[in-house]
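So you can see what is in the structure, the chains are spelled out below.
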Amino acid sequence: MSKKDSKYLSTGEFAKLCKVNKQTLFYYDQIGLLSPILKNEKGYRFYSIHQIELFFVIDLLKDLGMSLNDIQTYMQNKSPESFLSLMYQKKEEIVKKRRDIEMKEKMIDANIALMEQAFHLDFHQVTFEQLPEATLYLSRNIEDVTDKEFIEVVSDFINELSTSQLDSGYPIGSMTKRENVLKGEFSNYSYLYIEQPNPKEGYPYFQAVKGDFLIGYHIGDETTINDTYKRLFSEMERLDLSLGDYVFEEFIYDSIVKNNKEEYVTKIMIQVKET
């Protein structure tokens, strides 16, 4: 080739357009993935302007997690049909990744909001508040289960939230029926739950209706939570309130943010009604 055609690019020019170093192009040539269209008698390599689009497709497939071996396999069996099939497959993967990222972003936003809110709470104060309606997703019933069965329920619930993309980032709480609380069985929970601010269709939800709640905080682990309930019941009696249908518990501070169980904080929300 006595004169380089204007349609051809040197290795350096082609590498600059593709925003890679020349060694990458040498390696692609070596493994037969993308070879220069021309090599002259002096060993100089030249690429066609039309190969830029091919490089961009290779780069796209790499970014989407496709191995060079798999890309080579495709390149050896190129056709409009296989390219279209490959693009549909990669589009599905991108859509799934985008959903996963959006879900993780919502989880992060929820955690930020909950932690910032916690900074303004007085954990020694008991308040009487009206809570709005809330949509909850529940575990299976866990009343009177053994410790081993309880761990299995927690594991199954977490897996279910992940598989069904129902993890909203809100804390997993426990819900206890009135009769168990009246018997002093504060840890004999009825269900685990997680709030669903944006409920998805097709799932059975529990609708926590708007109502009055007495809210307090337990500092420490579960072994001393009875003392906190006694304090809350004394406040209920002082305010002439009686126990409603459910009691809800949620961790404010747990092992995620505290190393010592003595520093854990549990939010206790007791549904109440006027006597």
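A quick note: this is a predicted structure, and the numbers were derived from the prediction, not measured.

**A few points about the overall build of the chain**
And step 1. Across its full length, the chain holds eight helices and eleven strands.
And step 2. For the chain, the C-alpha radius of gyration of 31 Å lies well beyond 19 Å, the compact-globule estimate for 275 residues.
And step 3. Expressed as lengths along the three principal axes of its C-alpha atoms, the size of the chain is roughly 100 × 35 × 35 Å.
And step 4. A total of 275 residues make up the chain; the buried ones form 37% of that total.
And step 5. Of note, the chain has its 33 positive side-chain charges centred 13 Å away from the centre of its 45 negative side-chain charges.

**So, the packing of aromatic side chains**
And step 1. Following the criterion strictly, the structure yields 19 aromatic pairs and no others.
And step 2. With centroids separated by 5.5 Å and ring planes inclined at 85°, the aromatic side chains of Phe123 and Tyr253 adopt a geometry described as edge-to-face. Placement of the pair is Phe123 in the loop between helix 5 (80-118) and strand 4 (127-131) and Tyr253 in strand 10 (residues 241-253), with a sequence separation of 130 residues.
And step 3. The class of Phe123 is buried, set by a relative accessible area of 14%.
And step 4. Residue Tyr253 is classed as buried on the basis of its relative accessible area of 12%.
And step 5. Members of the aromatic cluster, each reached through a chain of ring pairs, are Phe14, Tyr28, Tyr47, Phe55 and Phe56.

Calculation rules
Residues numbered from 1 in each chain as written. Predicted model: local features only at pLDDT ≥ 70, side-chain atom pairs only at ≥ 80, totals over all residues. Heavy atoms only, no water. Helix = DSSP H or I, 4+ residues; strand = E, 2+ residues; numbered from the N terminus. Rg over C-alpha atoms; globule rule 2.2 N^0.38 Å. Buried < 20%, exposed > 50% of the residue type's maximum accessible area, 1.4 Å probe, protein only. Lys, Arg positive; Asp, Glu negative; His and termini not counted. Charge placed at Lys NZ, Arg CZ, Asp CG, Glu CD. Phe/Tyr/Trp six-rings, centres within 6.5 Å; stacked < 30°, edge-to-face > 60°.

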